[in-house]
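Structure assessment
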Amino acid sequence: MSVTSVVEKWVEEAASLTRPSRTVWCDGSKTEYETLIEAMLRDGTLLALDSRSYPNCYLHRSHPQDVARTEQLTFICTRERDDAGPTNNWMAPADAKAKAGQYLRGSMRGRTMHVIPYLMGPAGSAASRVGVMVTDSEYVVASMHIMTRVGQVAIQHMRGDADFIAGLHSLGDLSPDRRLILQFPEEKLVWSVGSGYGGNALLGKKCHALRLASWQARQEGWLAEHMLIIGVEDPEGRVTYFGGAMPSASGKTNLSMVESRLPGWRVWTLGDDIAWMWVDARGQLRAMNPERGVFGVAPNTSPKTNPNAIAMVRSNTIFTNVAVTPSGEPWWEGLTPEPPTGLTDWQGRPWQPSQGPAAHPNSRFTVLVCQCPSIAPNWEDPEGVPISGLIFGSRRTGVIPLVFEAFDWAHGVFLGSAMSTETTAAITGKVGVVRRDPMAMIPFCGYNMADYFAHWLAMGPRLSKPPRIFRVNWFRRDGDGKFLWPGYGENVRILKWMVERIRGTARAEERPIGWVPAPGALDTSGLDVPPSRLAEALRSDAGEWLKALDELGEFYKQFGPRLPEPIARTFAETRRRFGG
Ligand code: GTP
Ligand code: SPV
Ligand code: MN
């Protein structure tokens, strides 16, 4: 493989810091993948699963203290603190390198350093971008094979000697005390040490495709978002494309491969976690999925909730931190109504129900997205797909209705900026705590969030027909703690209403928060949800909202005068509409 001298020089620098016993350049081939798998089976990094029911499927158990992203150890390292903004952890670049340098110096001694040239986005797309990461984890290399396009295809995409994001990753000693995930947007550089898990370690994903890409996107006038991409096909065969942002473990993968419960309607999968979007020459917003695989949440994935995912993970899948049955099949909470007997838990111990969940709540599967039965035929179109609707969803037990539509682009950006959500097991820390999460980007925006809002607002006038913006909440509960809306496959009913809103045919009522489905406007045919329950799911209560707006006002304060005026104005208007 021929690489540029800038790449070579950077790899040499990484090696002189980490001191691997040898350096291997990855070509992305099937043989390379198989060789890695064999080596990991030999050294116990992987366990083979039952080869008849789960061919080419493996189980990896991560270090018990390394099971999710660690946001408190994740930093944006810009020269100016203000460029990272008040919602990011910040470290000066020199301090960050001094600190992480201690953990990285000699960290690959006795290990192999794998050099992975990877492409984010389909081959042949002007929107695709290159990264080169080095790592001492074979599990990371195999995962990158699935999640990105590895090898010569990446090098070919470089538009200049230095046209790549550089990523240095080392497992270090896996201790959270010596773990840092550092983004240096001004140097197009990532340093990650001390974790082998998910977004901490697969540097193409959150570090590159969101944190650094969002920085580049702002400079270059596009968007890098924590969004799924779907095409919704109606009974006449017309497809309407949506992007959808939801916080970690809050429904993107599920919505991206929904099996429709409405006859004649179907949902096509294009992406489940990240969308890169740009405005084309005609003023149309277009989107593509920079990833090639799914790193999806296992718990609650079942033939009932997500049959497409169940089919997708039946072969060629790496499972991480799930439980395993005596016959060598993966298992997690929710897969079957009752746990099978004789389970081994995610840490390899015989499982007793009294010990808590058998699979880690953030256990995941890594698999090519093209294995999903609902994969869209055009998912790798270099031109992307035209986006007609954007969805902001979050996990809220109360306050936020099932679905409503923004009045216009600026109002939609306000609704995105106003998102809050209950935390999940995707990040270390307490689960179920309400926190602010604008556009589901609080952990992933690589620059000052006030500037991010301004960037979103500035997209509006560039769009000849701005996508309609919708807000959803599948997670609202009744007084008994039960979900008000059945969710999953039934969410297609909400998508149908959105498509009809875009076409101008669906009825809606104006409320202080936006357009809410009029009674009867949501297709509930064959659905066992009484109108009173649906009304409860759609309710917006002035008292609750005024309280929520007070909290939002507190959040906005930290941005000071940097908060864009249209956001402040829409905030004030919303308060007024509620009589506040
Ligand atoms: P990340 O990969 O962390 O970014 O997560 P994600 O947004 O893709 O979330 P995912 O679709 O994997 O869903 C995570 C959790 O939300 C699982 O436990 C799901 O069962 C649950 N969930 C998803 N959709 C629904 C829904 O419509 N209703 C309910 N009640 N739960 C849902
Ligand atoms: C998320 O947390 O949003 C994920 C999982 O998609 S990870 O790749 O670990 O960040
Ligand atoms: Mn995610």
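You'll find the structure just up there.
Residues numbered from 1 in each chain as written. Chains lettered and ligands numbered in written order. Predicted model: local features only at pLDDT ≥ 70, side-chain atom pairs only at ≥ 80, totals over all residues. Heavy atoms only, no water.

**Looking at empty space enclosed by the protein**
Over the atoms, a rolling probe the size of a water molecule traces out where space has been left empty. Under the counting rule described, the total for this entry stands at 3 cavities of 30 Å³ or more. The calculated volume of the largest cavity comes to roughly 170 Å³. Along its surface, the largest cavity is lined by 16 residues, and Ile-400, Ala-418, Arg-436, Trp-545 and Ala-548 are the ones closest to its centre. Of all elements in the fold, only strand S25 (434-436) and helix H15 (542-557) reach the threshold of two or more residues within the lining of the largest cavity. Size it by volume and the second largest cavity reaches roughly 80 Å³. What lines the second largest cavity is a set of 13 residues, among which Pro-247, Ser-248, Thr-424, Arg-435 and Asp-437 lie closest to the centre. Its residues placed into classes, the lining of the second largest cavity shows 3 nonpolar, 5 polar and 5 charged. (1 Å grid on protein atoms, 1.4 Å probe; cavity = no way out; pocket = protein on both sides within 12 Å on 5 of 7 lines; lining within 4 Å. Points joined across faces, edges and corners; volume = space filled by probe spheres on them. Helix = DSSP H or I, 4+ residues; strand = E, 2+ residues; numbered from the N terminus. Nonpolar A, V, L, I, M, F, W, Y, C, P; charged D, E, K, R; others polar.)

**What to know about the site of ligand 1**
Close to ligand 1 lie 22 residues, the nearest being Ala-249, Lys-252, Thr-253, Asn-254 and Tyr-488. With respect to ligand 1, the side chain of Asn-254 contributes an N or O atom lying 2.8 Å from an oxygen atom. Within the side chain of Asn-491, an N or O atom sits 2.9 Å from an oxygen atom of ligand 1. Against a free-state accessible area of 660 Å², the protein chains account for coverage of 94% of ligand 1. Among the cavities detected, the one that contains ligand 1 is the largest pocket. Listing elements by their share of the shell around ligand 1, those giving two or more residues are helix H9 (252-256) and strand S17 (293-297). Here the shell around ligand 1 takes 3 residues from H9, the largest share from any one element. Split into classes, the residues belonging to the shell around ligand 1 amount to 9 nonpolar, 9 polar and 4 charged. (Near = heavy atom within 4 Å. Polar contact = N/O pair within 3.5 Å; in protein donor to acceptor, adjacent residues only side chain to side chain. Areas by Shrake-Rupley, 256 points an atom, 1.4 Å probe, with all protein chains shown as cover. Sits in = over half its atoms within 2 Å of the grid points.)

**Observations regarding the environment of Thr-305**
Relative to the elements of secondary structure, Thr-305 occurs in the loop between S17 and helix H10 (307-312). The class for Thr-305 is buried, based on a relative accessible area of 19%. Counting along the chain gives 181 residues from Thr-305 to Pro-486, while the straight-line C-alpha distance between them is 9.9 Å. Those residues in contact with Thr-305 that sit more than four places away from it in its chain are Asn-254, Asn-300 and Tyr-488. (Buried < 20%, exposed > 50% of the residue type's maximum accessible area, 1.4 Å probe, protein only. Contact = heavy atoms within 4.5 Å.)

**Topic: unusual backbone geometry**
Most peptide bonds take the trans form, and the phi angle of most residues other than glycine is negative. Even without a glycine there, the phi angle at Lys-188 is positive, about 50°. Structurally, the position occupied by Lys-188 is in the loop between strand S9 (180-184) and strand S10 (189-193). According to the relative accessible area criterion, Lys-188 is partly exposed, its value standing at 28%. Despite not being glycine, Ala-440 has its phi angle at roughly 60°, a positive value. Within the secondary structure layout, Ala-440 lies in the loop between S25 and helix H12 (449-459).

**Observations regarding the site of ligand 2**
For ligand 2, the full set of nearby residues is Arg-69, Gly-198, Gly-199, Lys-205, Lys-206, His-226, Ser-248, Asp-273, Phe-295, Arg-364, Ala-426 and Phe-444. Here an oxygen atom of ligand 2 sits 3.0 Å away from a polar atom, N or O, in the side chain of Lys-206. A distance of 3.2 Å is found between an oxygen atom of ligand 2 and a side-chain nitrogen or oxygen belonging to His-226. For ligand 2, whose accessible area on its own is 290 Å², the fraction buried by protein is 99%. Taken atom by atom, the bulk of ligand 2 overlaps the largest pocket. When contributions to the shell around ligand 2 are tallied by element, the ones reaching two or more residues are helix H7 (198-201) and helix H8 (204-220). Of the residues belonging to the shell around ligand 2, the class tally is 3 nonpolar, 4 polar and 5 charged.

**As for helix H14 (residues 531-538)**
Residues of H14 that are buried include every one of Leu-534, Ala-537 and Leu-538, and no others. Looking straight down H14, one finds that the buried residues subtend no more than 95° of arc, so they occupy a single side. As for H14, its buried residues are in contact with strand S23 (403-405), strand S27 (508-511) and strand S28 (514-517). (Arc of directions from axis to C-beta.)

**Quick notes on the coordination of the manganese ion (ligand 3)**
With distances of 2.2 to 2.4 Å, the protein atoms coordinating the manganese ion (ligand 3) are Lys-206 (NZ), His-226 (NE2) and Asp-273 (OD). Positions of the donor residues of the manganese ion (ligand 3) along the chain correspond to the pattern K-x19-H-x46-D. On the criterion of sequence distance, the pair formed by Lys-206 in helix H8 and His-226 in the loop between strand S11 (223-225) and strand S12 (227-233) is long-range, its members being 20 residues apart. For Lys-206, a relative accessible area of 5% corresponds to the buried category. (Donors = N, O, S within 2.8 Å, 3.2 Å for Na, K, Ca; no water.)

**Examining the pairing of S10**
Extensive coverage of S10 is indicated by the burial of 5 of its 5 residues. The alternating pattern of S10 places Leu-189, Trp-191 and Val-193 on one face and Val-190 and Ser-192 on the opposite face, and all of these are buried. In this sheet, S10 lies alongside strand S8 (residues 165-170) in parallel orientation, the contact comprising 5 bridges. The residue of S10 that forms the bridge with Gly-167 is Val-190. Summarising the sheet, S9 and S10 pair through 5 bridges and their orientation is antiparallel. Counterpart to Leu-182 in the pairing with S10 is Trp-191. Connecting the antiparallel pair S9 and S10 is a turn made up of 4 residues, with Lys-188 showing a positive phi of about 50°. (Pairing = 2+ DSSP bridges.)

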